[in-house]
Amino acid sequence: MSVHFTSISPDNPIREGDVESLLAMINVEARTEDLDDFKTLLAAVHDCADFVNKLPDYQPPLSKYARQNIRRASPEEQALGHAGAHLFLIQGEPQGPLAGKKISVKDNIAVAGVPQMYGTDAFPAWIPDCDATVVSRVLEKGGTIVGTSTCENLCNSTSSHTNAQGTIDNPYATGYSAGGSTSGGGALVGAGLVDITLGADQGGSIRVPASFCGCVGFKPTHGLVPYSGLSSGDALNDHAGPITRSVYDAALVLDAICGYDGMDDRSLGAPMPGSTDFAGKLRGPPPLLTGFKIGLLIEGLDRPGMDPAVCKSVRYAAERYQKLGATVEEVSIPDHLLGTYIWTIQQRVATSMNLLGNAHGRQGLQLVGLELARLPWTTESFQKCFPSTQNVIINGLYLTSRFPGLYAKTINIARRLRDSFEAALSEYDVIITPTTPVVAPPHGKRSTPMESLRPSMGITQNTAIFNITGHPEISVPVGFAPSSHDPAVKLPVGMQIVGALGKDEKVLTVAHAWETGFDWKADGAEKKNIPSLL
């Protein structure tokens, strides 16, 4: 259809002064003699938009897997505070590699027919029309989905007290953070109430909860897993992946969910769905790592805010790899220290654009219902958001207005960071850092912006950089360390294992070797039933 006219119809809403008002938003003016023409052209684009707006949306086919007994988790059904969002049952295929696995889904991942709260009450819950690709795929592989798990407020926090549904407790200590933004899912897996959580990670949102809750959290190479049907922060940073109780289960999930789905352009280079066998490589005798070189990143350890007890635990855990035949040595990559700066600018600009409905330039499954639910913003909806989300919007508006070209520059510098790690990973098989600089802190307060945000400050200093470089990482629990707030409280320590781009299999292998060789709950002691490793 083409729009052809030379006059504005009476029912068209474009009026005198509209062109001038629009241009005033960017502090420019058109020539007076051109205003009538631009008014006519604006009326034409309005008619075009009105036509498109009335077209039916184009969504994937409805799932064949029935949704049973969908309900908001009641107080009696809750665990660990408010870890559950909605409860229901979706039984996947009767057979498959994920048969018998109980799965929760982070509440920013579309599950058709299930209200999604997205951790907020700033706008009403919306109901997706279709399943995210990762949801469809775990059902096709035999998984059983038992509910959605609470996520933090619009996914903008690594704490577990920011969502509008209620605080989520760490499974190892009531009153302490479960991490975020995949907070409910991390807590449920850590407590053994589900086997798997499907999560999303833009700066550490899978790995931080895994580290705090004593779980395995895997962020694949960017684009390996399609992001179709998940709410986005920045398409350059978006990753979907699992939180599990074992590395082997993480590999099973990765086999199920990876591969291009015909929608998400981030996954155009991914393998064909069903063609990988990450889990198969982990079957059999526990692997030895003879000939492997493992780098312990100096800049990931020796920086402000790092708890010495966490660093000591991770150093000890990394050195245990020598028992498995690997060489372990320190490595320096100074560009690691730039990661937080580059990620902060990218995340603030892109996430604010997403929240304001200005995301563009990507092909994929777009969440139209979510856009309609949260737009337009009002003072009431803005003030209902947790300060972390308010801060993202304020920061993004400021950066785009005061620093033109800065976001583009961060994309270029992100390539520099990627190349620095790729160079190091051509010499080392993997690089190790603490996942988080501290063990889970006590819950923060919902008060002033500074007090509300304080518990999350600095938490992603070792994780966020790999969202902008796209490298695969896994967080595995390797021991306990005392809380700096109460030394009597011992909480899990996570070790982050980083691999080269596309080397997800190697990351899983190295993590699996540690997990099967040592007992993290005994602070890395050798497992007595694996004498061949000693």
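Once a new chain begins, its residue numbering starts again from 1 and follows that chain's sequence as written. The predicted origin of the model limits local features to residues at a pLDDT of at least 70 and limits the giving and counting of side-chain atom pairs to 80 or more, whereas totals for whole chains, interfaces and linings rest on all residues. Derived side-chain values reflect all non-hydrogen atoms in the structure, with water molecules and hydrogen atoms excluded from consideration.

A.B. asks: Requested: an account of helix α12 (residues 406-425), with residues and values cited.
C.D. replies: Under the DSSP-based scheme used, a helix requires at least four consecutive residues in state H or I and a strand at least two consecutive residues in state E, with every element numbered from the N terminus. Under the convention used throughout, the expected extent of a helix is 1.5 Å for every residue step, that is, one less than its residue count. With 20 residues, α12 extends 28 Å between its outermost C-alpha atoms, agreeing within 8% with the 28 Å of an ideal straight helix rising 1.5 Å per residue. Summary of the burial criterion: residues with accessible area below 20% of their type's maximum are buried, those above 50% are exposed, and those between are partly exposed, where the area comes from a 1.4 Å probe applied to protein chains only. Among all positions of α12, only Thr410, Ala414, Leu417, Phe421, Ala424 and Leu425 are buried. Down the axis of α12, the sector holding all buried residues measures 95°, keeping them to one side. This arc describes the spread of directions from the helix axis toward the C-beta atoms.

A.B. asks: Can you tell me about the domain arrangement of the protein chain, naming the residues and giving the values?
C.D. replies: Domain start and end points were adopted from an automatic or database domain assignment. Segmentation of the protein chain into domains returns domain 1 (1-55) and domain 2 (67-340 + 408-517). Between domain 1 and domain 2, the C-alpha centre-to-centre distance is 47 Å.

A.B. asks: Lay out unusual backbone geometry with the relevant residues and their values.
C.D. replies: With an omega of 10°, the peptide bond running from Gly180 to Ser181 counts as cis. Relative to the elements of secondary structure, Ser181 occurs in the loop between β6 (173-177) and α4 (183-190). Look at the link from Leu375 to Pro376: it is a cis peptide, with omega at -5°. Residue position: Pro376 is located in the loop between α9 (368-374) and α10 (379-384). The backbone phi angle of Leu80 is positive, close to 55°, even though this residue is not glycine. Topologically, Leu80 is positioned in the loop between β1 (68-72) and β2 (84-91).

A.B. asks: I'd like to hear about the packing of aromatic side chains, residue by residue, with values.
C.D. replies: Geometry of aromatic contacts follows a simple scheme: Phe, Tyr and Trp rings, the Trp one being its six-membered ring, pair when their centres are within 6.5 Å, and the pair is stacked under 30 degrees between planes, edge-to-face over 60, tilted otherwise. In this structure the tally under the stated criterion is 6 aromatic pairs. Relative to Phe480, the ring of Tyr172 lies with its centre 5.8 Å away and its plane at 65°, an arrangement referred to as edge-to-face. Here the residue Tyr172 occupies a position in the loop between β5 (169-170) and β6, and Phe480 occupies one in strand β13 (residues 473-482), the gap between them amounting to 308 residues. Residue classification places Tyr172 among the partly exposed positions, given a relative accessible area of 28%. Consider the rings of Tyr172 and Trp520, whose centres lie 6.2 Å apart with planes at 70°: the pair is edge-to-face. Residue Tyr172 is found in the loop between β5 and β6, and its partner Trp520 is found in the loop between β15 (518-519) and β16 (525-526); the two are separated by 348 residues along the sequence. Overall, the relative accessible area of 14% leaves Trp520 in the buried class. An aromatic cluster is built from Tyr172, Phe480 and Trp520, whose rings are joined through pairwise contacts. Sitting over the face of the ring of Tyr428, Lys293 holds its NZ or CZ atom 4.8 Å from the ring centroid. We call a charge positioned above a ring when the Lys NZ or Arg CZ atom is no farther than 6 Å from the ring centre and deviates by at most 35 degrees from the ring normal.

A.B. asks: Just give me the short version of the environment of His222, but keep the residues and values in it.
C.D. replies: Position of His222 among the secondary structure elements: in the loop between β8 (216-219) and β9 (239-244). Along the chain, His222 and Glu427 lie 205 residues apart, while their C-alpha atoms are 22 Å from each other. Any two residues whose heavy atoms approach within 4.5 Å are treated as being in contact. Those residues in contact with His222 that sit more than four places away from it in its chain are Ala235, Leu236, Asn237, Asp238, His239, Arg266 and Gly470.

A.B. asks: Report on the nonpolar core, specifying residues and quantitative values.
C.D. replies: Here, nonpolar core means buried Ala, Val, Leu, Ile, Met, Phe, Trp, Tyr and Cys residues that are tied together by side-chain atoms lying within 4.5 Å of each other. Within the largest apolar cluster, 79 residues are counted, with the highest numbers of intra-cluster contacts made by Val134, Val135, Tyr321, Ile474, Met495 and Ile497. With 8 residues, the top contributor of residues to this core is helix α6 (residues 247-257). In terms of nonpolar packing, the next biggest core, distinct from the first, is built from 18 residues, Ile333, Ile342, Leu425 and Phe466 among them.

A.B. asks: Give a description of the UniProt feature "domain: Amidase" (unreviewed entry) in the protein chain that names residues and reports values.
C.D. replies: UniProt positions are given in the numbering used here, feature names are shortened, and annotations may be inferred rather than shown by experiment. The residues that UniProt annotates with the feature "domain: Amidase" (unreviewed entry) are residues 79-508. Here residues 79-508 runs as 30% helix and 18% strand, with 30 Å between its end C-alpha atoms.

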